[in-house]
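Here are the chains, one letter per residue:
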Amino acid sequence: MSLKLGVPSKGRLMEKTFSWFEKRGITLSRSGSDREYAGKVEGIDGVSLILLSAGEIPRELAAGRIHLGVTGIDLVHEKLPRWEQQVQEVSQLGFGRADLIIATPACWVDVDTLDDLDAVAAAFRKTHGHRLRIATKYHRLVREFLTDAGVADYTLVDSQGATEGTVMNETAEAIADITSTGETLRANHLKILTDGLILQSQATLWRSRVANYDAADKAVLSQLLGRLD
Ligand SMILES: Nc1ncnc2c1ncn2[C@@H]1O[C@H](COP(=O)(O)OP(=O)(O)OP(=O)(O)O)[C@@H](O)[C@H]1O
Ligand SMILES: O=P(O)(O)OC[C@H]1O[C@H](OP(=O)(O)OP(=O)(O)O)[C@H](O)[C@@H]1O
């Protein structure tokens with residue numbers, strides 16, 4: 001057997017993860033073409049690379065199909081209920097930083113806080129006959145956050161991409177999504193609520209608590225973790 005390391009299969013997270021390991025003397029690469037999701041590991045024996053969507057890595061760790069995985073804190077907290085029981089944080093990698101936030105139209109001049117949103121939501125239902133819609137792909141995190149904040153009169157609308165566009169397209173009145181530079185929010189005339197920060201995320205290396213580790217895997221894991229310090 002070998003220790004299975006799951007890494008995002010494309011984009012900024014893949015490239016930055018490859019450089020992060022490279023700096024620690026471990027070379028990760030795709031073994032074939034850009035379209036082939038097989039990988040190669042050089043610089044340490046007994047580790048195999050599995051290229052996966054960043055969004056699937058939490059589930060693979062929780063199922064024990066990979067021993068280690070790199071993905072965002074946001075995705076682990078969203079996809080794994082009681083995530084601490086299933087995975088352990090090994091190291092925050094210092095890239096892929098993004099904030100999960102709640103934003104409303106910039107032109108809502110009376111809405112700056114969650115309390116304001118709550119008031120608008122109650123009024124919205126009376127006027128429109130349906131609840132204020134918040135578009136997001138982070139259903140669990142948004143629901144927990146709004147429950148704790150005492151906001152109840154809303155409904156979540158699923159949006160798996162281009163979430164900031166839902167307000168202009170009139171399929172939602174507010175959004176909860178990640179932001180990094182803030183450019184996408186500005187371009188779509190949205191503003192962050194002053195107390196609307198749900199979570200700060202960055203790319204993180206996680207260890208599965210449920211995967212099976214044979215004696216050889218344990219030895220490789222300890223060697224690998226020693227190299228990453
Ligand atoms: N603009 C950004 N800047 C920094 N990090 C980002 C940005 N957008 C997303 N991320 C982070 O990158 C990680 C992957 O997000 P993304 O939504 O692209 O993954 P995904 O759903 O697996 O995508 P796909 O299914 O297209 O592979 C998340 O942890 C997220 O917080
Ligand atoms: O604050 P910014 O620097 O503008 O970045 C934020 C954007 O980046 C992500 O989208 P991504 O590019 O991953 O595309 P997506 O809409 O398909 O998720 C995120 O969903 C925001 O839309």
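The following refers to the structure shown. (Residues numbered from 1 in each chain as written. Chains lettered and ligands numbered in written order. Predicted model: local features only at pLDDT ≥ 70, side-chain atom pairs only at ≥ 80, totals over all residues. Heavy atoms only, no water.)

## A closer look at the site of ligand 2
Part 1 of the argument: As a matter of local geometry, ligand 2 sits amid Arg12, Gly161, Ala162, Glu164, Asp177, Ile178, Thr179, Ser180, Thr181, Gly182, Glu183 and Thr184.
Part 2 of the argument: Measuring from an oxygen atom of ligand 2, one finds a backbone N or O atom of Gly182 at 2.8 Å.
Part 3 of the argument: Thr184 is positioned with one of its side-chain polar atoms (N or O) 2.4 Å from an oxygen atom of ligand 2.
Part 4 of the argument: Protein chains bury 66% of the 500 Å² of accessible surface belonging to ligand 2 in isolation.
Part 5 of the argument: Going through the elements one at a time, strand S10 (174-179) and helix H8 (183-187) are the ones with two or more residues in the shell around ligand 2.
Part 6 of the argument: The dominant element in the shell around ligand 2, judged by the number of residues it contributes, is S10, at three residues.
Part 7 of the argument: Class assignment for the residues of the shell around ligand 2 results in two nonpolar, six polar and four charged. (Near = heavy atom within 4 Å. Polar contact = N/O pair within 3.5 Å; in protein donor to acceptor, adjacent residues only side chain to side chain. Areas by Shrake-Rupley, 256 points an atom, 1.4 Å probe, with all protein chains shown as cover. Helix = DSSP H or I, 4+ residues; strand = E, 2+ residues; numbered from the N terminus. Nonpolar A, V, L, I, M, F, W, Y, C, P; charged D, E, K, R; others polar.)

## Some details on the nonpolar core
Part 1 of the argument: Counting residues in each nonpolar core, the largest one holds 61 residues, and the members touching the most others are Leu5, Phe21, Leu28, Ile102, Leu146 and Ile198.
Part 2 of the argument: For this core, the element with the highest residue contribution is helix H1 (residues 11-22), accounting for five residues.
Part 3 of the argument: Taken domain by domain, this core gets at least three of its residues from each of domain 1 (3-97 + 202-228) and domain 2 (98-200).
Part 4 of the argument: With eight residues, the next largest nonpolar core counts Ala103, Ala135, Ile175 and Leu190 among its residues. (Core = buried A, V, L, I, M, F, W, Y, C linked by side-chain atoms within 4.5 Å. Buried < 20%, exposed > 50% of the residue type's maximum accessible area, 1.4 Å probe, protein only. Domains from an automatic or database assignment.)

## Here's the deal with the sheet that holds strand S6 (residues 87-92)
Part 1 of the argument: With mixed pairing, the five strands of this open sheet are ordered in space as S4-S1-S5-S12-S6. Both outer strands of the open sheet, strand S4 (47-52) and S6, are each paired with one neighbouring strand and no more. Geometrically, the sheet is characterised by an average inter-axis angle of 30 degrees between neighbouring strands, direction not taken into account.
Part 2 of the argument: Here strand S1 (residues 3-8) runs beside S4; their pairing, made up of six bridges, is parallel. Bridging across to S4, Leu3 finds its partner in Val47.
Part 3 of the argument: Contacts between H1 and the sheet are confined to S1, S4, strand S5 (68-72), S6 and strand S12 (203-208), with S1 contributing the most and set at about 135 degrees to the helix.
Part 4 of the argument: The strands touched by helix H9 (residues 215-228) are S1, S4, S5, S6 and S12; relative to S1, the strand with the most contacts, the crossing angle is about 45 degrees. (Pairing = 2+ DSSP bridges. Axes fitted to C-alpha atoms, helices over the stretch in contact; angles between N-to-C directions. Contact = heavy atoms within 4.5 Å.)

## Section: the site of ligand 1
Part 1 of the argument: As a matter of local geometry, ligand 1 sits amid 15 residues, with Lys10, Arg12, Gly55, Asp74 and Lys137 nearest to it.
Part 2 of the argument: At 3.0 Å from an oxygen atom of ligand 1 is found a side-chain nitrogen or oxygen belonging to Ser53.
Part 3 of the argument: Within the contact set of ligand 1, an oxygen atom lies 2.7 Å away from a backbone nitrogen or oxygen of Gly55.
Part 4 of the argument: Protein chains bury 70% of the 630 Å² of accessible surface belonging to ligand 1 in isolation.
Part 5 of the argument: For the shell around ligand 1, the elements supplying multiple residues, two or more each, are H1 and helix H3 (73-79).
Part 6 of the argument: When its residues are assigned to classes, the shell around ligand 1 shows five nonpolar, five polar and five charged.
Part 7 of the argument: Counting contributing residues, the shell around ligand 1 receives three or more from each of domain 1 (3-97 + 202-228) and domain 2 (98-200).

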